[in-house]
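# Results of the structural survey
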Amino acid sequence: MLVQKILVNSRGAASLLKDSIPLSDVSAAGLFEGHDLLRRGFTSVKNELLPSHPLELTEKNFQLNQDKTNFATLRNIQGIHAPLKLQMEFRAVKQVQRLPFLHSSNMAMDILRGNDECIGFEDILNDPSQSEVMGEPHMMMEHKLGLL
């Protein structure tokens with residue numbers, strides 16, 4: 001009788017453990033993959049709560065702040081229709097996308113923002129052929145479609 005209880009308890013614990021692993025934590029490499037320090041860096045609660053540098057938030061929101069300033073200037077000069085038309089064009093350009101595993105240069109967005117004639121940091125050091133992170137096409141498409 002005691003042996004049967006131990007076996008039932010051990011089976012129950014095993015089934016609980018098997019069912020307790022969430023699917024989102026399972027990666028392509030397996031269940032026992034550790035934290036990838038090269039890609040994600042060291043984990044710290046402090047880093048998730050506060051920016052590491054006072055200018056980090058400014059740099060993160062630079063393009064948004066620049067767009068707001070440009071829209072306000074355009075509205076003052078040409079009226080309400082000009083920024084609305086430009087915002088509609090931005091939305092249309094953002095909707096057109098390549099498959100998630102293919103690199104996109106976003107040339108149309110650069111043309112709308114006036115960055116097509118500028119050579120920046122990302123133009124030189126953002127070569128997709130040198131990318132360290134290239135996922136499986138099927139997995140990335142399933143994630144985009146919400147099948148995973």
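Residues numbered from 1 in each chain as written. Predicted model: local features only at pLDDT ≥ 70, side-chain atom pairs only at ≥ 80, totals over all residues. Heavy atoms only, no water.

### As for the overall build of the protein chain
Basically, it comes down to this: In DSSP terms, a helix is any run of H or I states spanning at least four residues, a strand is any run of E spanning at least two, and both are numbered starting from the N terminus. Only protein chains enter the calculation, and the probe is 1.4 Å; a residue is then buried if its accessible area is under 20% of its type maximum, exposed if over 50%, and partly exposed in between. Values of accessible area rely on a 1.4 Å probe in the Shrake-Rupley scheme; residue burial ignores everything except the protein chains shown.
When helices and strands are tallied, the protein chain shows 9 helices and 0 strands. Moving toward the C terminus, one meets the helices and strands of the protein chain in the order α-α-α-α-α-α-α-α-α. A buried classification covers 4% of the 148 residues belonging to the protein chain. Summed over its atoms, the accessible surface of the protein chain is roughly 13500 Å², and 59% of this surface lies on carbon and sulfur atoms.

### What to know about a nonpolar patch on the surface
Definition in use: In this analysis, a patch consists of residues with relative accessible area above 30% that form no salt bridge, clustered at 9 Å for like charges and at 5 Å for the nonpolar side chains Val, Leu, Ile, Met, Phe, Trp and Tyr. Each reported salt bridge corresponds to a side-chain nitrogen of Lys or Arg within 4 Å of a carboxyl oxygen of Asp or Glu.
Where nonpolar side chains cluster on the molecular surface, the patch consists of I119, F121, I124 and L125 and spans about 530 Å² of accessible area. On the secondary structure map, F121 appears in helix α8 (residues 121-125). A relative accessible area of 64% means that F121 is categorised as exposed.

### Observations concerning helix α6 (residues 81-95)
Selection criterion: Take the residue count of a helix, subtract one, and multiply by 1.5 Å to get its expected span. By construction, the arc corresponds to the directions joining the helix axis to the C-beta atoms. Here, two residues are considered to be in contact whenever any of their heavy atoms come within 4.5 Å of each other.
The end-to-end C-alpha distance of α6, which contains 15 residues, comes to 21 Å, matching closely the 21 Å that a straight helix rising 1.5 Å per residue would cover. The set of residues buried in α6 consists of A82, P83 and F90. The arc that holds the buried residues of α6, viewed along the axis, is 90°, so those residues lie on one side. Along α6, exposed side chains directed more than 90 degrees from the buried face belong to H81, K85, M88, R91 and Q95. Buried residues belonging to α6 abut α5 (62-78) and α7 (107-113).

### Comments concerning the layout of surface pockets
Here is the rule we go by: Grid points spaced at 1 Å and placed over the protein atoms alone form the basis of the search, with a cavity being a set where a 1.4 Å probe fits but cannot get out and a pocket an open set showing protein on both sides within 12 Å along at least five of seven lines. Lining residues have an atom within 4 Å of a point. Grid points are joined across faces, edges and corners, and a volume is the space filled by probe spheres set on the points. Each residue is assigned to one of three groups, with Ala, Val, Leu, Ile, Met, Phe, Trp, Tyr, Cys and Pro labelled nonpolar, Asp, Glu, Lys and Arg labelled charged, and all others, Gly among them, labelled polar.
Volume-wise, the second largest pocket comes out at about 570 Å³. For the second largest pocket, the lining is made up of 19 residues, of which S105, D110, N115, E122 and D123 are closest to its centre. For the lining of the second largest pocket, the secondary-structure elements that each account for two or more residues are α7 and α8. Residue contributions to the lining of the second largest pocket peak at 4 residues, all from α7. Of the residues contributing to the lining of the second largest pocket, the split by class is 5 nonpolar, 8 polar and 6 charged.

### Let's talk about the packing of α5 against α6
Stated precisely, the cut-off is as follows: The angle between two axes is taken between their N-to-C directions and runs from 0 to 180 degrees, where each axis is a line fitted to C-alpha atoms and a helix contributes only its stretch in contact. Reported orientations rely on four angle classes, namely roughly parallel under 35 degrees, roughly antiparallel over 145, roughly perpendicular from 65 to 115, and oblique for the rest.
Closest axis-to-axis distance for the α5/α6 pair is 7 Å, and the angle between their directions is 140°. In terms of orientation, α5 and α6 fall into the oblique class. Taking contact as the criterion, the partners of F71, L74, R75 and Q78 in α5 are, on α6, H81, A82, P83, L86, Q87 and F90. In terms of residue class, the contact of α5 with α6 is made up of 6 nonpolar, 3 polar and 1 charged.

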